[in-house]
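# Structural overview
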Amino acid sequence: MTARDEVDRIVEAWRRERPELDVEPLQVLSRVSRLARHLDLARKQAFAASELESWEFDVLSALRRAGDPYELSPKALLQQTLVSSGTMTNRIDRLATRGLVERRTDPNDGRSIRVRMTDEGRRRVDRAIDQLMVGEAALLQRLSRADQERLAGLLRTLSADFDDEAAEL
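All residue numbers refer to positions counted from 1 along the written sequence of the respective chain. Note on the predicted model: pLDDT of at least 70 is required for a residue's local features to be given, and 80 or more for side-chain atom pairs to be given and counted; whole-chain, interface and lining totals, by contrast, use all residues. In computing side-chain values, all of the structure's heavy atoms are included and hydrogens and water are not.

## Some words on the UniProt feature "domain: HTH marR-type" (unreviewed entry) in the protein
- UniProt positions are given in the numbering used here, feature names are shortened, and annotations may be inferred rather than shown by experiment. Mapped onto the present numbering, the UniProt feature "domain: HTH marR-type" (unreviewed entry) falls on residues 22–160.
- A run of H or I in DSSP counts as a helix once it spans at least four residues, and a run of E counts as a strand once it spans at least two, with each numbered from the N terminus. Across residues 22–160, helical content stands at 69% and strand content at 12%; the span's end C-alpha atoms are separated by 24 Å.

Set out below in structure tokens:
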């Protein structure tokens, strides 16, 4: 038998107090919510160690994943980070002020710009992702690799519609 957790106690209390109510969603989503808090803390610690805010990591990691020369259009950054155009402009400005990105004229279209990560930006995002993977691995250490893969598959199924909706916005 697996150990009981706080969610088990919450579900049991709701079943006692409201037996007519189907509280099964709490079994999954309350645990997801609680794990999200731990993940948020692990991310804040990883980003702080690299002197980054979470939004800075989001933009820099999108550029890092683009590959050398670590450059994207503002539109591509919008699509990957799901923020408004005004918000992205502000973020690029702030990252440029910190020396983590620079704006370049698009060689294929002189009216457009490209956002390129600087060497310092790459060092920071690499340091942050290294730290983050250590923290996230610690959160999952109780699960075997097979259980992690099974859980990832279930969560992928659950979140697919949400990802499709976000892409349409």
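There is more to say after this.
## Observations concerning the packing of helix 3 (residues 54–65) against helix 5 (residues 85–97)
- Direction vectors running N to C along helix 3 and helix 5 enclose 90°, while the axes themselves pass 11 Å from each other. Here helix 3 is positioned roughly perpendicular relative to helix 5, judged by the angle of their axes. Counted together, Trp55, Glu56, Val59 and Leu60 of helix 3 and Met88, Arg91, Arg94 and Leu95 of helix 5 form the full contact between these two elements.
- Residue classes in the contact of helix 3 with helix 5 are distributed as five nonpolar, no polar and three charged. Here an angle of 0 to 180 degrees is reported between the N-to-C directions of two axes, which are lines fitted to C-alpha atoms, with helices fitted over the stretch in contact. Here is the rule for angles: anything less than 35 degrees is roughly parallel, anything more than 145 is roughly antiparallel, 65 through 115 is roughly perpendicular, and the remaining ranges are oblique. Whether two residues touch is decided by their heavy atoms; if any such pair falls within 4.5 Å, the residues are in contact. Residue type decides the class: Asp, Glu, Lys and Arg count as charged, Ala, Val, Leu, Ile, Met, Phe, Trp, Tyr, Cys and Pro as nonpolar, and the leftover types, Gly among them, as polar.

## A look at helix 6 (residues 119–139)
- In this model, helix 6 (21 residues) spans 30 Å end to end at C-alpha, consistent with the 30 Å of a helix rising 1.5 Å per residue.
- Buried means the residue's accessible area, taken with a 1.4 Å probe over protein chains only, is under 20% of the maximum for its type, while exposed means over 50%, and partly exposed covers the values in between. When helix 6 is considered as a whole, its buried residues turn out to be Gly121, Arg124, Val125, Asp126, Ala128, Leu132 and Glu136.
- Where helix 6 is buried, its residues meet helix 2 (24–49), helix 3 and strand 3 (109–117). One less than the number of residues in a helix, times 1.5 Å, gives the span that helix is expected to have.

## A closer look at helix 2
- For helix 2, built from 26 residues, the straight-helix expectation of 38 Å at 1.5 Å per residue is met to within 8% by its first-to-last C-alpha distance of 39 Å.
- For helix 2, the set of buried residues is Ser30, Ala42, Ala46 and Phe47.
- Residues of helix 2 that are buried make contact with helix 1 (6–17), helix 3 and helix 6.
- Looking one or two residues past helix 2, Glu51 carries a phi angle of roughly 55°, positive in sign.

## A closer look at the pattern of salt bridges
- For salt bridges, the criterion is a side-chain nitrogen of Lys or Arg within 4 Å of an Asp or Glu carboxyl oxygen. Counting across every chain of the model gives 19 salt bridges.
- Several salt bridges converge on common partners, so that one network encompasses Asp5, Asp8 and Arg31.

## Observations regarding the packing of helix 3 against helix 6
- Taken N-terminus to C-terminus, the directions of helix 3 and helix 6 make an angle of 100°; their axes are 10 Å apart at the nearest point. In terms of orientation, helix 3 and helix 6 fall into the roughly perpendicular class. On helix 6, the residues touching Phe57, Leu60, Ser61 and Arg64 of helix 3 are Gly121, Arg122, Val125, Asp126, Ala128, Ile129 and Leu132.
- The residue makeup of the contact of helix 3 with helix 6, split by class, is six nonpolar, two polar and three charged.

## Side note on the packing of aromatic side chains
- For Phe, Tyr and Trp, where Trp contributes only its six-membered ring, two rings pair if their centres lie within 6.5 Å, and the inter-plane angle classes them as stacked under 30 degrees, edge-to-face over 60, or tilted in between. Within this structure, the stated rule accounts for one aromatic pair.
- Between Phe47 and Phe57, the aromatic rings sit 4.4 Å apart at their centres with planes inclined by 25°, giving stacked as the arrangement. Here Phe57 lies in helix 3 and Phe47 lies in helix 2, a separation of 10 residues in the sequence. Take Phe47 and Phe57: they sit in the same class, and that class is buried.

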